[in-house]
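Residue-level structure breakdown
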Amino acid sequence: MTDIVQLLQHHRSIRKFTDQPVAQDRLEAYIQAGQAAATSSFIQATTVIQISAGATRDQLAEWAGGQAYVSTSPVFLVFCADMRRHQLACDLHQAEMLSGYTEQFMTATIDVALFAQNVVACAEADGLGICYIGGLRNNPDKVSSALELPELVYPVFGLCLGYPDQNPEVKPRLPLSVVLKQDRYDDSADADLIRDYDTGVRRYYETRTGGNKSMTWSEQISGMLKKEARPHMLPFLQQRGFLKR
Ligand SMILES: Cc1cc2nc3c(=O)[nH]c(=O)nc-3n(C[C@H](O)[C@H](O)[C@H](O)COP(=O)(O)O)c2cc1C
């Protein structure tokens, strides 16, 4: 097994960090590695906003649902999908940009995820821990105003980075045959596999929390999916110029 495979297979989110600062030149190298990720049609649709500790950061932590590590992590980044620079490129050629397509929303968002995961892999290779923060989408309007995001830019997620001050177990993933299919989609064995997997996830949570949390994967997912999923996102995205057609 190569080192990179081992590294990625041992990822776990970190939510408690030491005070040790992250060197800015290393952070900038991670961002450049993010830029080096493949990008749909060369659109380069990611903007990263680094948020210093202070009032704005504390507000973001609150808007993300009171996630304290957004305030306390040595580095906090907001990853935005950005189609604004494409408007500027079209303006340079007096071309009318046709925006608002679902395809453009998808390509920009995919670009952000690929970019961010490169940053994460670099950071983890350097011994840092990370936690993505999708909680920013609880209040995407407030986040966008606070960061002065223009039209055609939206915050996809945040990212906490720093040296870990905890050492959680790796969270077990679904069995390989549930996610890797051969030649066609066959899920006939998946319900049984998920039942077995549930036992492992329950054990993981019980160990991690000293018995305070005992939950299976399917319980967690069914509990989540019977609730509405941030229904404000569609009108928010449309108001920012995405998903209109
Ligand atoms: C896009 C995205 C958003 C996430 N948002 C949050 C978040 O707001 N708060 C949090 O504590 N963890 C968040 N997570 C972390 C997931 O809960 C975590 O990755 C998942 O439970 C698997 O655990 P692991 O990363 O430790 O393997 C997010 C992960 C992703 C990929």
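Residues numbered from 1 in each chain as written. Predicted model: local features only at pLDDT ≥ 70, side-chain atom pairs only at ≥ 80, totals over all residues. Heavy atoms only, no water.

In the annotation of an unreviewed UniProt entry, the protein is listed under the name Oxygen-insensitive NADPH nitroreductase and assigned to Natronospirillum operosum. According to UniProt, the comment filed for the protein under the heading Sequence similarities (unreviewed entry) is "Belongs to the flavin oxidoreductase frp family." (UniProt positions renumbered as here; feature names shortened; annotations may be inferred.)

This part takes up the site of the ligand. Close to the ligand lie 14 residues, the nearest being His11, Ser13, Arg15, Gln67 and Lys171. Between a nitrogen atom of the ligand and a side-chain N or O atom of Gln67, the distance comes to 2.7 Å. Summarising the interface, the protein chains cover 69% of the accessible area of the ligand, which totals 620 Å² for the free molecule. Among the detected pockets, the ligand sits in the largest pocket. If one sorts the elements of the shell around the ligand by residue count, strand β3 (residues 129-133) sits on top with 3 residues. Here the shell around the ligand is built from residues that sort into 5 nonpolar, 5 polar and 4 charged. (Near = heavy atom within 4 Å. Polar contact = N/O pair within 3.5 Å; in protein donor to acceptor, adjacent residues only side chain to side chain. Areas by Shrake-Rupley, 256 points an atom, 1.4 Å probe, with all protein chains shown as cover. 1 Å grid on protein atoms, 1.4 Å probe; cavity = no way out; pocket = protein on both sides within 12 Å on 5 of 7 lines; lining within 4 Å. Sits in = over half its atoms within 2 Å of the grid points. Helix = DSSP H or I, 4+ residues; strand = E, 2+ residues; numbered from the N terminus. Nonpolar A, V, L, I, M, F, W, Y, C, P; charged D, E, K, R; others polar.)

Turning our attention to the domain arrangement of the protein. Splitting the protein by domain gives domain 1 (3-168 + 228-239) and domain 2 (176-208). Placing the centre of domain 1 and that of domain 2 at their C-alpha centroids yields a distance of 29 Å. (Domains from an automatic or database assignment.)

Within the largest apolar cluster, 34 residues are counted, with the highest numbers of intra-cluster contacts made by Leu77, Phe79, Tyr154, Leu159 and Leu237. Looking at this core, the element that brings in the most residues is helix α6 (residues 102-125), giving 8 residues. Among all residues touching Leu77, those that are not within four sequence positions of it are Leu27, Ile31, Val48, Ile49, Gln50, Phe157, Gly158, Leu159 and Leu161. Judged by nonpolar contacts, the second largest core, of 20 residues, contains Leu60, Val78, Cys131 and Cys160. (Core = buried A, V, L, I, M, F, W, Y, C linked by side-chain atoms within 4.5 Å. Buried < 20%, exposed > 50% of the residue type's maximum accessible area, 1.4 Å probe, protein only. Contact = heavy atoms within 4.5 Å.)

With that out of the way, let us pick up the pattern of salt bridges. Two side chains that carry opposite charge are able to pair once their charged atoms sit near each other. As enumerated under the stated definition, the model contains 7 salt bridges in all. Linking Arg26 and Asp126 is a salt bridge whose minimum nitrogen-to-oxygen distance equals 2.9 Å. In this pair, Arg26 sits in helix α2 (residues 24-35) while Asp126 sits in the loop between α6 and β3, placing the two residues 100 residues apart along the sequence. By relative accessible area, which is 39% here, Arg26 ends up partly exposed. On the accessibility criterion, Asp126 (31% relative accessible area) is partly exposed. Measuring nitrogen to oxygen at the nearest pair gives 3.6 Å for the salt bridge that ties Arg184 to Asp186. Classification of Arg184 by relative accessible area gives exposed; the value is 55%. (Salt bridge = Lys/Arg side-chain N within 4 Å of Asp/Glu carboxyl O.)

On the surface, a cluster of positive charge is contributed by Arg15, Lys171, Arg173, Arg208 and Lys213. Relative to the helices and strands, Lys171 is located in the loop between β4 (153-162) and α8 (176-179). (Patch = residues over 30% accessible without salt bridge, like charges linked within 9 Å, V, L, I, M, F, W, Y side chains within 5 Å. Lys, Arg positive; Asp, Glu negative; His and termini not counted. Charge placed at Lys NZ, Arg CZ, Asp CG, Glu CD.)

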